[in-house]
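The chain contents come next:
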Amino acid sequence: MARWGMVIDLNKCTGCAECVTACKVENNVAVVGKDESEMGRTMLWMDILTHYEGEYPNTKVRYLPRPCLQCDNPPCTKVCPVRATYLDPEGIVAQIFPQCIGCRYCMAACPYTVKSFNWYEPHWPQEMAAALNPDVSARPAGVVEKCTFCVHRLQKAKEQADSENRELQDNEYIPACAEDCPTQAISFGDLDSPHSEVSELIRSPRIFTLLEELGTEPKVYYLSEIE
Amino acid sequence: MKNTIKYLTPVILVIALTGIISGTNQDVRQPISFNHKLHTEEVGLACVDCHSNVEKHSRALIPNIETCGDCHDDAEDENREKAKVGSYVSRNEKIPWIQIHVVPDHAYFSHRRHVTLAKIECQTCHGEVSEMERPFIIPFVELEMSWCINCHEKSKVVNDCNSCHR
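What counts and how
Residues numbered from 1 in each chain as written. Chains lettered and ligands numbered in written order. Predicted model: local features only at pLDDT ≥ 70, side-chain atom pairs only at ≥ 80, totals over all residues. Heavy atoms only, no water. Helix = DSSP H or I, 4+ residues; strand = E, 2+ residues; numbered from the N terminus. Contact = heavy atoms within 4.5 Å. Areas by Shrake-Rupley, 256 points an atom, 1.4 Å probe, with all protein chains shown as cover. Salt bridge = Lys/Arg side-chain N within 4 Å of Asp/Glu carboxyl O. Buried < 20%, exposed > 50% of the residue type's maximum accessible area, 1.4 Å probe, protein only. Buried area = accessible area lost by both parts, 1.4 Å probe. Nonpolar A, V, L, I, M, F, W, Y, C, P; charged D, E, K, R; others polar. pLDDT = per-residue confidence, 0-100. Polar contact = N/O pair within 3.5 Å; in protein donor to acceptor, adjacent residues only side chain to side chain. Phe/Tyr/Trp six-rings, centres within 6.5 Å; stacked < 30°, edge-to-face > 60°. Lys NZ or Arg CZ within 6 Å of the ring centre and 35° of its normal. Pairing = 2+ DSSP bridges. Arc of directions from axis to C-beta.

Draft legend 1. Local environment of the overall build of chain B. In terms of regular secondary structure, chain B is built from eight helices and zero strands. The contacts in chain B between residues at least 6 apart in sequence include a share of 62% that link residues at least 24 apart. Approximately 11,700 Å² of chain B is accessible, and the part contributed by carbon and sulfur atoms is 58%.

Dropping the structure here:
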């Protein structure tokens, strides 16, 4: 059985936020207004964290795309009282929206702050409503949501492979962010497959994960920038 | 005790009756009194002849007006229901069928997965459609998760939440 993971090469990332847009469109992530954003209610499954270094004019901006890190030892699943979030057999931290009671314990437990709470009923401007992805549900108010590694794409890819009586192939299942990245900074695949791109990349000396010391064992890895 | 029963009985009856009435969904009026029995037995059509997406896609689809137009185009037909179809066809207008078997959008259900790959008969979820002389106004089974889970458990297929929910 596959163990899905992601490697993000920070040397290639330009901070263009194409991954953020692709994710938002693919997963019907709600748009909130300026006032709500200022209250910390922005909905993002993929975010670009920015880090500013130096003093003007000698400044440098570093970008770090941050989806759900799909931990192998996730703190969020341990606090969920209704098993709305759990580690699935293929290593994806599932978020089952209709099961969620909105207690937000998981949001408090996640050290990477990847989860968003739906404060409002889903609503899109009329022009955008027709562009909603029918493969992903619109989450109701009162539930927590987060990056699912585009698991709906996995469901469809598996069915296509089964209908052709074959195994799932490399790159047949790939999340929207990785697919759309214009600099191919995001790689995705089976970490346990010895010949997959991601399993080769995680052997690089540049590899690191966020807050390694917490022991959460994320399956989203980063390749550090080359100075 | 006798008094309790005496007063509770009408209350229980009213609750039960309300349940039965709301359960039969009497308000649903389909635009045409479609006869599945006639189409399957007399005309000899199979389910997939009209619900053409069943074997290849996740959604089975209610047939579009072009499919009806293959056989019906007479808006003046003596048969009132046939004339209605002919009228929609002549105007090239979509028939406003009311979908009865609805899976919530947070559940991934694929007809191809169930019909083509798992070889499940249409009748398992939709009943003996070929015996029906009226269109659906209530689903054959309430499509609740327990219905899915029971069958998945019996069939020993994947029961992981993330394989169906999204």
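Draft legend 2. Structural view of the pattern of salt bridges. Applying the stated criterion across every chain yields a total of 21 salt bridges over all chains. Between B:Glu133 and B:Lys37 there is a salt bridge, with the nearest N and O atoms lying 3.8 Å from each other. Remark: B:Lys37 occurs in helix α2 (residues 36-42) and B:Glu133 occurs in the loop between α7 (122-126) and α8 (145-155); sequence separation between them is 96 residues. Assessed through its relative accessible area of 42%, B:Glu133 is described here as partly exposed. For B:Lys37, a relative accessible area of 23% gives the class partly exposed. What emerges from the salt-bridge pattern is a single network uniting A:Arg3, A:Asp72, A:Asp192 and A:Lys219.

Draft legend 3. Structural detail: unusual backbone geometry. Residue and element names in this part refer to chain A. That bond from Tyr56 to Pro57 is cis: its omega, 5°, falls within 30 degrees of zero. Assignment of secondary structure puts Pro57 in the loop between β2 (47-53) and β3 (60-66). Unusually for a residue other than glycine, Arg83 sits at a positive phi of about 55°. Phi at Phe149 is positive, roughly 60°, even though this residue is not glycine. Looking at Phe149, the relative accessible area reads 1%, which means it is buried.

Draft legend 4. A look at the interface of chain A and chain B. Taken together, the contact between chain A and chain B spans 22 residues of the former and 15 residues of the latter. Summing both sides of the interface, chain A and chain B together bury roughly 1,700 Å²; the carbon and sulfur share of this comes to 47%. Remark: the boundary between chain A and chain B carries three salt bridges. In this structure, B:Arg112 engages A:Glu159 in a salt bridge whose closest nitrogen and oxygen atoms are separated by 2.8 Å. Tallied by class, residues from the side of chain A that touches chain B come to ten nonpolar, five polar and seven charged.

Draft legend 5. Quick peek at the confidence of the model for chain B. Residues at a pLDDT of 70 or more form 84% of chain B, whose mean pLDDT is 86. Segment residues 19-23 of chain B is flagged for pLDDT under 50; beyond a separation of four residues in sequence, or across chains, it makes two contacts in the model.

Draft legend 6. Spotlight on helix α5 (residues 80-90) of chain B. Residue and element names in this part refer to chain B. Of the residues making up α5, those classed as buried are Glu81, Ala83, Val85, Gly86, Tyr88 and Val89. Those residues of α5 that are buried are in contact with α4 (65-69). Its side-chain oxygen at 2.9 Å from the backbone nitrogen of Glu81, Asn79 defines the N-terminal cap of α5. Remark: Asn92 follows α5 within two positions and exhibits a positive phi of approximately 50°.

Draft legend 7. Representation of the packing of aromatic side chains. Residue and element names in this part refer to chain A. In the structure shown here, the tally under the stated rule is eight aromatic pairs over all chains. By the ring-pair criterion, three or more aromatic residues cluster together here, those being Trp4, Phe149, Tyr173 and Phe188. Residue placement shows Arg139 over the ring face of Phe97; its charged tip is 5.3 Å from the ring centre.

Draft legend 8. Looking closely at the sheet that holds strand β8 (residues 186-190) of chain A. Residues and elements named next belong to chain A. Taken together, the four strands give an open sheet; going across it, the order is β8-β1-β10-β9, and neighbouring strands pair in mixed fashion. In the strand order of this sheet, the two ends are held by β8 and β9 (207-208), each with one partner. One ladder, built from five bridges, connects strand β1 (residues 4-9) with β8; its direction is antiparallel. The residue of β8 that forms the bridge with Trp4 is Asp190.

Draft legend 9. Inspection of helix α1 (residues 18-26) of chain A at higher detail. Residue and element names in this part refer to chain A. Residues Cys19, Val20, Ala22, Cys23 and Glu26 constitute the buried set of α1. Across the axial projection of α1, the buried residues extend over an arc of 165°, all falling on one side. Following α1 by one or two positions, Asn28 adopts a phi angle in the positive range, close to 50°.

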